[in-house]
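A look at the structure
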Amino acid sequence: DTAWMTMTSWDKCADASLDFERVKHLKCVVALDLASKVDVAAKVRLFHCEETGLYYVKSNFYLPERAIAASGNSQYEGWQREGWLTVTPGDVTDFDQIELDLEADMSQFEIEEVAFDPWQATQLASHMIDKGAPMVELRQTVQNMSEPMKQLEALVLQGKLVHDGNPVLAWMISNVVCHRDVKDNIYPRKERNENKIDGAVALIMALSRSIYSNPDTVVFGSDYELVSV
């Protein structure tokens, strides 16, 4: 496995002035990576401007308060104080809070799809479908992740992806390593469990649906399932 992203290029894509006023008129894809209720949960919004070809990233991260004490990661408390990390009370992440935040997104932005992996997210997805959210199941397979991962790296190197400098997302991007197989496929991995990559995975998922959102075209094969539009 080798490091994936050139972090100097990622840092050059940062724009601290990026706010929702600047992108709220653009079409948006949201992606969720809710790997575990006792670990970091990620929600990434990806806005696309068709005129310029630029993509804009705004992300949220959630962690239960017990996980902060148990993790030994001193950065978590600082990110919480600075507003980059939402800490929910108790031992497990409050998925109700994530649902409320998704509802707020639906009322503010032109959301085309909300992509989710069925692992740990089926109940939340069912609730959001009942509330009218355009939930799309996207399994985190090599077939589904390889091409969008390559596209994301290319966008960063070309300066066509703009993010707000979120340090949690930057840390997760820097944690991603990848292995290239004989078919030239790549997949996001981490070297150690404490090296979280949930935000990077959610961003790759969001880009995959932003690029390949035509339901009449089967891009990802049999693992792709359109749950609700």
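Everything quoted here is computed from the prediction, not taken from an experiment. (Residues numbered from 1 in each chain as written. Predicted model: local features only at pLDDT ≥ 70, side-chain atom pairs only at ≥ 80, totals over all residues. Heavy atoms only, no water.)

**Section: the nonpolar core**
If you look at the biggest cluster of nonpolar residues, it comprises 47 residues, and the most contacted ones within it are Trp-4 and Trp-10. Residue assignment for this core shows that the elements contributing at least two residues are β2 (27-33), β3 (41-48), β4 (55-64), α3 (65-71), α4 (75-81), α7 (142-158), α8 (167-175) and α9 (198-211). Among the elements that line this core, the one with the most residues is α9, at 8 residues. The contact partners of Trp-4, leaving out residues within four places of it in the chain, are Met-149, Leu-152, Glu-153, Ile-173, Val-176, Val-177, Cys-178, Ile-186 and Ile-204. Within the second largest apolar cluster, 26 residues are counted, among which are Leu-18, Cys-49, Leu-102 and Met-128. (Core = buried A, V, L, I, M, F, W, Y, C linked by side-chain atoms within 4.5 Å. Buried < 20%, exposed > 50% of the residue type's maximum accessible area, 1.4 Å probe, protein only. Helix = DSSP H or I, 4+ residues; strand = E, 2+ residues; numbered from the N terminus. Contact = heavy atoms within 4.5 Å.)

**Thoughts on the packing of aromatic side chains**
By the definition in use, this model includes 5 aromatic pairs. Both rings, one in Phe-47 and one in Phe-109, keep their centres 5.3 Å apart while their planes meet at 80 degrees; by these two values the pair is edge-to-face. With Phe-47 in strand β3 and Phe-109 in the loop between α5 (95-108) and β6 (110-116), this residue pair connects regions lying 62 residues apart in the sequence. Phe-109 carries the same exposure label as Phe-47, and that label is buried. (Phe/Tyr/Trp six-rings, centres within 6.5 Å; stacked < 30°, edge-to-face > 60°.)

**With respect to the pattern of salt bridges**
By the definition in use, this model includes 15 salt bridges. The shortest N-O distance in the salt bridge between Glu-112 and Lys-27 comes to 3.8 Å. Note that Glu-112 is positioned in strand β6 and Lys-27 in strand β2, a separation of 85 residues in sequence. The partly exposed category is assigned to Glu-112, whose relative accessible area is 33%. What makes Lys-27 partly exposed here is its relative accessible area of 37%. (Salt bridge = Lys/Arg side-chain N within 4 Å of Asp/Glu carboxyl O.)

**Side note on the side chain of Lys-58**
Assignment of secondary structure puts Lys-58 in strand β4. A residue is classified by how much of its surface remains accessible, and Lys-58, at 11% relative accessible area, is buried. Polar contacts involving the side chain of Lys-58 include one to the side chain of Asp-164, which spans 3.1 Å. Leaving out residues up to four positions away in the same chain, Lys-58 has contacts with Leu-18, Asp-19, Phe-20, Lys-43, Val-44, Arg-45, Phe-47 and Asp-164. (Polar contact = N/O pair within 3.5 Å; in protein donor to acceptor, adjacent residues only side chain to side chain.)

**Considerations on the environment of Asp-94**
Relative to the helices and strands, Asp-94 resides in the loop between β5 (86-88) and α5. Each C-alpha atom of the pair Asp-94 and Val-23 lies 28 Å from the other, and the pair is 71 residues apart in sequence.

**Digging into unusual backbone geometry**
One non-glycine residue with positive phi stands out, namely Asp-184, at about 70 degrees. If you trace the backbone, Asp-184 turns up in the loop between β9 (177-178) and α9. Overall, the relative accessible area of 35% leaves Asp-184 in the partly exposed class.

**Overview of the pairing of β4**
Burial analysis of β4 places 9 of its 10 residues in the buried class, the great majority of the element. The hairpin turn running from β3 into β4, its antiparallel successor, is 6 residues long, and Gly-53 in that turn takes a positive phi close to 80 degrees. Where β4 meets strand β8 (residues 161-163), 3 bridges bridge the pair, whose relative direction is parallel. Counted as the bridge partner of Val-57 is His-163 from β8. With 3 bridges connecting them, β4 and β5 associate as parallel partners. Looking at the pairing, Leu-63 lines up with Val-87 of β5. (Pairing = 2+ DSSP bridges.)

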